[in-house]
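Structural description and commentary
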There are 2 protein chains.
Amino acid sequence: MTATDLQAYMDHVGAAARAAATRMAAASTAAKNDALRRLAALIRTEGPRMQAENAKDLAAAEARGLAAPMVDRLRITDKVVAQMAENCEQVAALPDPVGEMSNLRRRPTGITVGQMRVPIGVFGMIYESRPNVTIEAGSLGIKSGNACVLRGGSEAIHSNLALWKLVQQALQAAGLPPEGVQLIETTDREAVGRLIAMPEYVDVIIPRGGKSLIERISREATVPVIKHLDGNCHVFVDASADLDLAVTVTDNAKTQKYSPCNAAESLLVHEAIAPAFLPRIGAIFAAKGVEMRCDAGAKALLAAVPGAKLANATEQDWAEEYLAPIISIKLVKDVDEAIAHINRYGSHHTDAILTEHHPNAMRFLREVDSASVMVNASTRFADGFEYGLGAEIGISTDKFHARGPVGLEGLTSLKYIVLGQGEVRG
Amino acid sequence: MTATDLQAYMDHVGAAARAAATRMAAASTAAKNDALRRLAALIRTEGPRMQAENAKDLAAAEARGLAAPMVDRLRITDKVVAQMAENCEQVAALPDPVGEMSNLRRRPTGITVGQMRVPIGVFGMIYESRPNVTIEAGSLGIKSGNACVLRGGSEAIHSNLALWKLVQQALQAAGLPPEGVQLIETTDREAVGRLIAMPEYVDVIIPRGGKSLIERISREATVPVIKHLDGNCHVFVDASADLDLAVTVTDNAKTQKYSPCNAAESLLVHEAIAPAFLPRIGAIFAAKGVEMRCDAGAKALLAAVPGAKLANATEQDWAEEYLAPIISIKLVKDVDEAIAHINRYGSHHTDAILTEHHPNAMRFLREVDSASVMVNASTRFADGFEYGLGAEIGISTDKFHARGPVGLEGLTSLKYIVLGQGEVRG
């Protein structure tokens, strides 16, 4: 596509989304749920056809020599088909956030002032690989009354197009504008640059992908971006922690899965409990092949653990998101040092204190400047479903608008409403 | 100042604010209120000294030939001194938003999930003329647990410096870091460009001033901006409106004051009620010297009003914020046309419907895409104090984060908190 053609195409997509947004915002809950249930049904009946389209992407990926885990993420298995359909039905079952009125209170002047929840307008979603995100984002867009513009990875283009057709079919059948969910049909890379810089059509961008992609998008976007760059999550084992609990939770936070952004990457241990705690967790890490990058104090306490993979932590380790069987370990002398370390080196994603000491728990909750702060629980719980949001379109580590796991509410805004009986200002 | 010196100076100011932010965030409610009450006392005792500094600004302004209304806005009268002191006491009396915990609910896994309100960190405030904004912004910064960097107009530099010294004295006396409130001491214009582009030190910018200044800041800022550009507020008189109410409210919305951003600038009238309504409101506007820029239908109905200043509205009039005794008037055929017109030409600030018809009132509330939407009340009520926020640092017409009048809550963020008893993810 020439630059002129691309510009014209993106303007067309954006304008169609903007026009559809008004109708999506005014849509009844019944119509939106009808669209979502029809989409679930279509995904089930059209599964084989989607898989045929998916096969084209898989063949191309294999021909290009894409790594096996990447190819796996791309594959629409029967299980993925079933999950996508269920996902739509779950979103249909969620309460409609749009139109919720809250905090309505009478003022001394006689007016009643409160807030109403309304859709943001149009969101742009940029993602890679897994084609089921097309259904996740589309279904959350429909339920939240927003229009959306989806931009999947070029490696999944046939799969995404097939899924998107079903979304449009479901919208149409439910009496909603098919343009309410747009998919960018070109794999031209310049389309992303344009999508993030057309505030006249798109109100917010939600990127999912690698850190460098998200950094680039944040830098170049001219609209707000809901994002997290990485998750350097900490577990701090305080002096008074219950030892068994600390071992269980630290193990879970690090090793239950290595790749999620809410897995622990850094372990801070109060020096008073370290001699009792570190050899125990060290033995588990050793057994699971987790490399421990330690400060001098921690390393000395772990030296006797059989089979432990120990290394000296560098300054860079304190800031690192490994997403791998590696953890940095540091002794601290008190909760102040732990909080200061986390606020300095962390990524403001999710951090936990393990303690029996109430004042330290409260200080940690108040003073750790992260989207999720936990007491005596695994960082792995930082997730929209675990938090009861019913869905998750992304995670935000920014302090503006949505913070932490972002569900339907994060795709809405609160406007003020005033109900009067002819009041005027004196 | 050379560019290098300015850069070093701004880095110094920013770093000091960032360092103070941690201590401000952790400050007790008692200490913050103590600082605010001490500030009120200092303003009262140091009034004459502030007025002596203010006299330097006034003399300079008059020497430069600044227009009289501008000089008036600059003047720290005895009344302004009293108001500033009262303002600090009022902010001290407001509930502390920081540390508020909400929506704490037990999840099936056993963890309790909720949210905690915390300060944003550092905000930058850019304003012109009225030096009392130094006290308003500083007091809201203190109460909300943020650090702030204030940048007033060069025409008020002596006044602002004198007020700021009192703020720092009050912070110090209350055991809080004086660097919690910074004032940019140079009048170098380049300082603004730097202030809005140092995300490492400043989390959000709040500009007050003319539209072109705010547009420039929004365009060049690398952090979020809480702002409204203008207030093209509409009153829509529906077919079923109570005539007396419609006359009273429309008159108040337009003429109670001409300069505020929540004054009405556009009047939409249902064609069925226009013959009864327009001559009545037209007579009032004529008596008050309000020029009416009309479409053909409205003009015909107003032609017989004695002394009416009538003109033909141009396309530009529908989008104009006059801030003057001028109003645009247009007939519409139904609520759909009114909503579409407002969403197209309005500035998403404040719009009101006057109607007895419940379904139209509800549609207007839902579908008008503005920060404040009203039924049967004057647009002039769109204000933090009238809404019960207890304070107002600005108004936002954006949909992200704070929308509408912004009080203490708009200077905070909600993080997730998780309280567990050793739960892990399975």
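Along each chain, residues carry numbers from 1 onward, in the same order as the chain's sequence is written. The naming scheme follows written order: chains are lettered A onward, ligands numbered 1 onward. Only residues with pLDDT of at least 70 get local features here, since the model is predicted, and only at 80 or more are side-chain atom pairs given and counted; chain-wide, interface and lining totals rely on the full set of residues. To obtain the side-chain values, all non-hydrogen atoms of the structure were included, while hydrogens and water were left out.

Some details on the UniProt feature "domain: Aldehyde dehydrogenase" (unreviewed entry) in chain A
Residues and elements named next belong to chain A. Operational definition: UniProt positions are given in the numbering used here, feature names are shortened, and annotations may be inferred rather than shown by experiment. Helical segments are the DSSP runs of H or I of at least four residues, strand segments are the runs of E of at least two, and each set is numbered from the N terminus.
Here, UniProt's "domain: Aldehyde dehydrogenase" (unreviewed entry) annotation points to residues 9-283 and 318-382. Within residues 9-283, the helical portion is 52% and the strand portion 16%, while the C-alpha atoms at the span's ends are 58 Å from each other. Secondary structure content for residues 318-382 is 32% helix and 28% strand, while the C-alpha to C-alpha distance between its ends is 21 Å.

A few points about the relation of the copies chain B and chain A
Both copies of the chain are related by a screw-like operation: a rotation about an axis and a shift along it. Our working rule: Only residues with pLDDT of at least 70 in both copies count here: their C-alpha atoms drive the least-squares fit that superposes the copies. The contact criterion used throughout is that any non-hydrogen atoms of two residues lie within 4.5 Å.
Between chain B and chain A, which share one sequence, the superposing operator has a rotation angle of 180° and an axial displacement of 0.0 Å; the RMSD is 0.0 Å. Read as a symmetry element, the transformation amounts to a two-fold axis. Ranked by how close their C-alpha atoms come to the rotation axis, the residues of chain B are headed by H401 of chain B, at 2.0 Å. The residues that chain B uses at the interface reappear at the interface of chain A in 97% of cases, marking a shared surface.

Re the sheet that holds strand β4 (residues 147-151) of chain B
Residues and elements named next belong to chain B. The condition is simple: In this scheme, strands are said to pair when DSSP sees at least two bridges between them. Angles shown run from 0 to 180 degrees and are taken between the N-to-C directions of axes, each axis being a line fitted to C-alpha atoms and, for helices, limited to the stretch in contact.
Strand order in the open sheet formed by four strands is β5-β4-β3-β6, and the pairing between neighbours is parallel. The open sheet has two edge strands, β5 (181-183) and β6 (204-207), and neither has a second partner. Within the sheet, the average angular offset between the axes of one strand and its neighbour, ignoring direction, is 20°. Strand direction decides the pairing type here: β4 and β5, joined by three bridges, are parallel. When the sheet's bridge partners are listed, L150 is paired in β5 with L183. In the packing of helix α6 (residues 132-143) onto the sheet, the strands contacted are β3 (122-126), β4 and β5, and the crossing angle to β4 comes to about 165°.

Looking at the packing of aromatic side chains
Counted only if it meets this: Each Phe, Tyr or Trp ring (for Trp, its six-membered ring) is paired with any other whose centre lies within 6.5 Å, and the angle between the two planes then decides the class: stacked below 30 degrees, edge-to-face above 60, tilted in between. For every residue, the accessible area (1.4 Å probe, protein chains only) is compared with the maximum for its type, and the residue is labelled buried under 20%, exposed over 50%, or partly exposed between those bounds. Throughout this description, the term charge over a ring refers to an Arg CZ or Lys NZ atom that lies within 6 Å of the ring centre and within 35 degrees of the ring normal.
Under the criterion given, the structure shown has four aromatic pairs over all chains. Each ring, one from Y416 of chain A and one from Y387 of chain B, has its centre 4.8 Å from the other, and the planes form 45°; the classification is tilted. With Y416 of chain A in strand β16 (residues 412-423) and Y387 of chain B in the loop between β13 (372-377) and β14 (394-396), this pair bridges two chains. Looking at Y416 of chain A, the relative accessible area reads 9%, which means it is buried. Above the face of the W318 of chain A ring, K330 of chain A is positioned so that its terminal group lies 5.8 Å from the ring centre.

Looking at the interface of chain B and chain A
What counts here: Once two parts are brought into contact, the accessible area they lose, counted with a 1.4 Å probe and summed over both, makes up the buried area. By definition here, a salt bridge exists when the distance from a side-chain nitrogen of Lys or Arg to a carboxyl oxygen of Asp or Glu is within 4 Å. Definition of a polar contact: a pair of N or O atoms within 3.5 Å, with one able to donate and the other able to accept a hydrogen when the atoms are protein atoms, and with sequence-neighbouring residues admitted only if both atoms are side-chain atoms.
Every contact between the two is made by 62 residues of chain B and, on the other side, 60 residues of chain A. Across the interface of chain B and chain A, roughly 5,100 Å² is buried in total on both sides, 60% from carbon and sulfur atoms. Ranking the residues of chain B by area buried against chain A places F400, Y416 and R425 of chain B at the top, with a combined share of 18%. At the boundary of chain B with chain A, the tally comes to two salt bridges. Residue R425 of chain A pairs with E386 of chain B through a salt bridge whose shortest N-O separation is 3.4 Å. Between chain B and chain A we count 39 residue pairs in polar contact (both at pLDDT 80 or more) in total. Among the elements that make up the side of chain B that touches chain A, the one with the highest residue count is strand β16 (residues 412-423) of chain B (eleven residues).

Some details on the domain arrangement of chain A
Formally: Each domain's limits were defined by an automated method or a database of domain assignments.
Entries for chain A in the domain assignment read domain 1 (3-226 + 406-417) and domain 2 (233-386). When each unit is reduced to the centre of its C-alpha atoms, the spacing between domain 1 of chain A and domain 2 of chain A is 36 Å.

Quick look at the environment of D351 of chain B
Residue and element names in this part refer to chain B. Within the fold, D351 resides in strand β12 (residues 350-354). Owing to a relative accessible area of 0%, D351 belongs among the buried residues under this scheme. Counting along the chain gives 281 residues from D351 to M70, while the straight-line C-alpha distance between them is 29 Å.

Description of the environment of D78 of chain A
Residues and elements named next belong to chain A. The residue D78 is located in helix α5 (residues 78-93) in this model. On the basis of relative accessible area, D78 is assigned to the exposed category, the value being 61%. Separated by 153 residues in sequence, D78 and G231 have C-alpha atoms that sit 31 Å apart.

Some words on helix α9 (residues 211-220) of chain B
Because an α-helix completes one turn every 3.6 residues, residues spaced three or four positions apart along the sequence face the same direction. Residues and elements named next belong to chain B. Selection rule: The directions considered for the arc are those from the helix axis to the C-beta atoms.
Within α9, the full set of buried residues consists of L213, I214 and I217. The buried residues of α9 all sit within an arc of 95° when viewed along its axis, so they share a single face. The outward face of α9, more than 90 degrees from its buried face, is lined by the exposed residues S212 and R219. Elements in contact with the buried residues of α9: β3 and β6.

Examining unusual backbone geometry
All names here are of chain A. A positive phi angle, near 55°, is found at L323, a position not held by glycine. Note that L323 resides in the loop between β10 (310-312) and β11 (326-332). Residue class for L323 comes out partly exposed when judged on its relative accessible area of 36%. Of note in this structure, H348 is not a glycine but carries a positive phi near 60°. Locating H348 in the fold gives a position in the loop between α13 (335-345) and β12 (350-354).

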